[in-house]
Amino acid sequence: MRIVVIGAGKLGYSIAELLSNEQFDVVVVDHDEERLEVVKNTLDVLTILANGASPITMNDPDIRDADILVASTAIDEVNMVACILAKKHGITYTAARIRDMQFLSEAKDYLKENFDIDLMLNPELITAREINRILMTPAALNVEDFANGKVRLFETKVGRHSPLIHIPFKDMAIPPSILAGMIFRDHRMIIPHGDDKLLPHDNAYFIGDPQAIEKFSANFVQRDTSKVERVIIIGAGRTGRFLAPMLDKQGVRVKIFDKNRERSLLAAEKLENGLAICGDGTDLDLLEQEGIADADVVICLTDDEKLNLMLALIAKHLGAKKTIVRVSRREYVDLMEKVGVDIVLSTRLLSASEVLAFARQGGVVSVSLLEGAKAEAVEVIVQDGAPVAGKRLMDVKLPRECLVCAYVRDNEASIPNGSSVLLAGDRVILFIQTSFAKKVMNYFKGRDTDA
């Protein structure tokens, strides 16, 4: 399968890297020679120096025969034009980065119907929703919903005082509707078995019924952790302006800071009870005056990743209970977590995972990249004629690097065992080590599906 990525900026690079690692045939197009040189020197992709929104470019034989086009430039209108031209030149599927809030809120359906855009990406909105989900589950590092909300993934950091540490999983009182799916320990992925145990500082992943997960998560709530009531957001860019009203509507007391007056006013317009403060988020006196010491969470969303790290550390020093930092470069995630930031989210990785699910097709509904893309949680629909269909899981011989965590049939979610039989049409949630993802996906595709 050939995929064209228009735009070699930060998002385009991340998408191209992820798709290239999956062994897709990737073409990256940009009019900036310097950006393309970086891509050419670091990724195994074809690069073309050209205007991605030009009909002449679309006639290039390396582009017009593609299966998917992803327009990821920083300009919405360029992305829309590229998608229109792609469809007219025979490219089957298109995805576009759309950042303008007005387009998304007022013209989303119109864009889909009239501009032939199959997938719309807004990295800032995706990030805001992810942060909101995490904040609503106090013990979570990450929360993902699958199968239209029937199944929930819950990631947590195991604390020294958790009642579940040092207990073999076979002796652990885990509800039958929940599965212990995966542990990350010292950057190593472990699919737990009966004799395995949770240790302090593990990143543990559980999956199952959302209500059961919500109750079970209480085992991991730190002694000083409670329901989120007060949040400070530093940075009223697009992500901050999406996130602040989400929290405001859920009864959270929000204060959002930005030294840019126009951004502050835009944020204020969307808040009913929260406050938008035009002020420098690096001003310690201002932060102390506005109650940073009493904040349950401080979220750093400026465009400067190093500044975000510094602000998070300052917030911790001043008494904030939890810090969340948004980054673009995923290589910063481990570093920030090591120096004390509680949760680090990569905007680019969150968006690129949506493109990856889109590109895989063959029944793949969604892909959530975990642990800096070392592992994945994948929702897939079993296709007719798939190797797993109609067989007991113990007889299918899936790779050891994969775990079938849950499946949904007739609107009912179930946790499988070795005797469970998957049927065509079932929605299945998997944990997979990323390097084995392509191999695993073939077990769920039909015989006629292009691998």
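Everything below is about the structure printed above this text.
Visitor: Honestly, the overall build of the chain in this entry has me stumped. Any pointers?
Guide: In terms of regular secondary structure, the chain is built from 17 helices and 22 strands. With 451 residues in all, the chain has 55% of them scored as buried. Carbon and sulfur atoms make up 46% of the accessible area of the chain, which amounts to about 20600 Å² in all. Considering the chain, the positive charge centre built from 55 side chains and the negative charge centre built from 66 side chains are found 4 Å apart.

Visitor: Please clarify how the packing of helix α8 (residues 123-135) against helix α10 (residues 238-249) should be interpreted in this entry.
Guide: The axes of two packed helices give the description: the angle between them and the distance between them. At their nearest, the axes of α8 and α10 sit 8 Å apart, and the two run at 35° to each other. In this structure, the crossing between α8 and α10 has a hand that is right-handed. Contacts from E124, L125, T127, A128, R129, I131, N132 and L135 in α8 reach R238, T239, F242, L243, M246 and L247 in α10. Class assignment for the residues of the contact of α8 with α10 results in 8 nonpolar, 3 polar and 3 charged.

Visitor: Explain a nonpolar patch on the surface here, please?
Guide: Residues L313, L335 and V339 make up a contiguous nonpolar surface patch of roughly 230 Å² in combined accessible area. As for its placement among the helices and strands, V339 is situated in the loop between α14 (331-338) and β17 (343-346). Take V339: its relative accessible area is 41%, and that puts it in the partly exposed class.

Visitor: What is the right way to read the packing of aromatic side chains from this model?
Guide: Each aromatic ring pair is summarised here by two numbers: the centre-to-centre distance and the angle between the ring planes. Within the structure shown, the criterion is met by 6 aromatic pairs. Taking the centre distance of 6.2 Å and the plane angle of 50° together, the rings of F154 and F220 count as tilted. Here F154 is found in strand β8 (residues 151-157), whereas its partner F220 is found in the loop between α9 (210-216) and β12 (230-234), with 66 residues between them in sequence. Like F220, F154 is buried. An angle of 70° between the planes, with centres 6.0 Å apart, marks the rings of Y205 and F431 as edge-to-face. Here F431 lies in strand β22 (residues 427-433) and Y205 lies in strand β11 (residues 203-208), a separation of 226 residues in the sequence. Accessibility assignment for this pair places Y205 and F431 in one class, buried.

Visitor: Please clarify how a negative patch on the surface should be interpreted in this entry.
Guide: Residues D280, D283, D285 and E288 make up a contiguous surface patch of negative charge. Mapping D285 onto the fold places it in helix α12 (residues 284-289).

Visitor: Please clarify how the sheet that holds strand β6 (residues 119-121) should be interpreted in this entry.
Guide: Two strands in a sheet stick together by hydrogen bonds in their backbones, pointing the same way (parallel) or opposite ways (antiparallel). Judged by pairing direction, the sheet is parallel, and its 6 strands sit side by side in the order β3-β2-β1-β4-β5-β6 without closing on themselves. Of all the strands in the sheet, just β3 (46-49) and β6 have a single pairing partner and so form its edges. Across the sheet, the mean angle separating the axes of adjacent strands is 15° when strand polarity is ignored. Pairing of strand β2 (residues 25-30) with β3 involves 4 bridges; the strand directions are parallel.

Visitor: Help me understand the pattern of salt bridges, please; the structure alone is not making it clear to me.
Guide: Charged atoms that come close allow side chains of opposite charge to pair. The full count for this structure, using the stated rule, is 22 salt bridges. Taking the shortest distance from any N to any O, the salt bridge between R35 and D30 comes out at 3.8 Å. Residue D30 is classed as buried on the basis of its relative accessible area, which comes to 6%. The shortest N-O distance in the salt bridge between E376 and R360 comes to 2.9 Å. In this pair, E376 is assigned in strand β19 (residues 375-381) and R360 in helix α15 (residues 347-360), connecting sequence segments 16 residues apart. Neither E376 nor R360 differs from the other in exposure class; each is buried. Connected through shared salt-bridge partners, D258, R263, D303 and R326 make up one network.

Visitor: I'm lost on the sheet that holds β22 in this one. Help?
Guide: Strand order across the open sheet formed by 5 strands is β18-β19-β22-β20-β21, with antiparallel pairing between neighbours. Of all strands in the sheet, those bounded by a partner on one side alone are β18 (364-370) and β21 (412-414). The sheet shows a mean angle of 15° between the axes of neighbouring strands, direction not considered. Here strand β20 (residues 402-409) pairs with β22 via 6 bridges, running antiparallel. Bridge assignment links L403 to a residue of β22, and that residue is F431. Of the strands in this sheet, β18 and β19 touch α15, which is tilted by about 145° from β18.

How each quantity is defined
Residues numbered from 1 in each chain as written. Predicted model: local features only at pLDDT ≥ 70, side-chain atom pairs only at ≥ 80, totals over all residues. Heavy atoms only, no water. Helix = DSSP H or I, 4+ residues; strand = E, 2+ residues; numbered from the N terminus. Buried < 20%, exposed > 50% of the residue type's maximum accessible area, 1.4 Å probe, protein only. Areas by Shrake-Rupley, 256 points an atom, 1.4 Å probe, with all protein chains shown as cover. Lys, Arg positive; Asp, Glu negative; His and termini not counted. Charge placed at Lys NZ, Arg CZ, Asp CG, Glu CD. Axes fitted to C-alpha atoms, helices over the stretch in contact; angles between N-to-C directions. Left-handed = near helix turned anticlockwise from the far one by under 90°. Contact = heavy atoms within 4.5 Å. Nonpolar A, V, L, I, M, F, W, Y, C, P; charged D, E, K, R; others polar. Patch = residues over 30% accessible without salt bridge, like charges linked within 9 Å, V, L, I, M, F, W, Y side chains within 5 Å. Salt bridge = Lys/Arg side-chain N within 4 Å of Asp/Glu carboxyl O. Phe/Tyr/Trp six-rings, centres within 6.5 Å; stacked < 30°, edge-to-face > 60°. Pairing = 2+ DSSP bridges.

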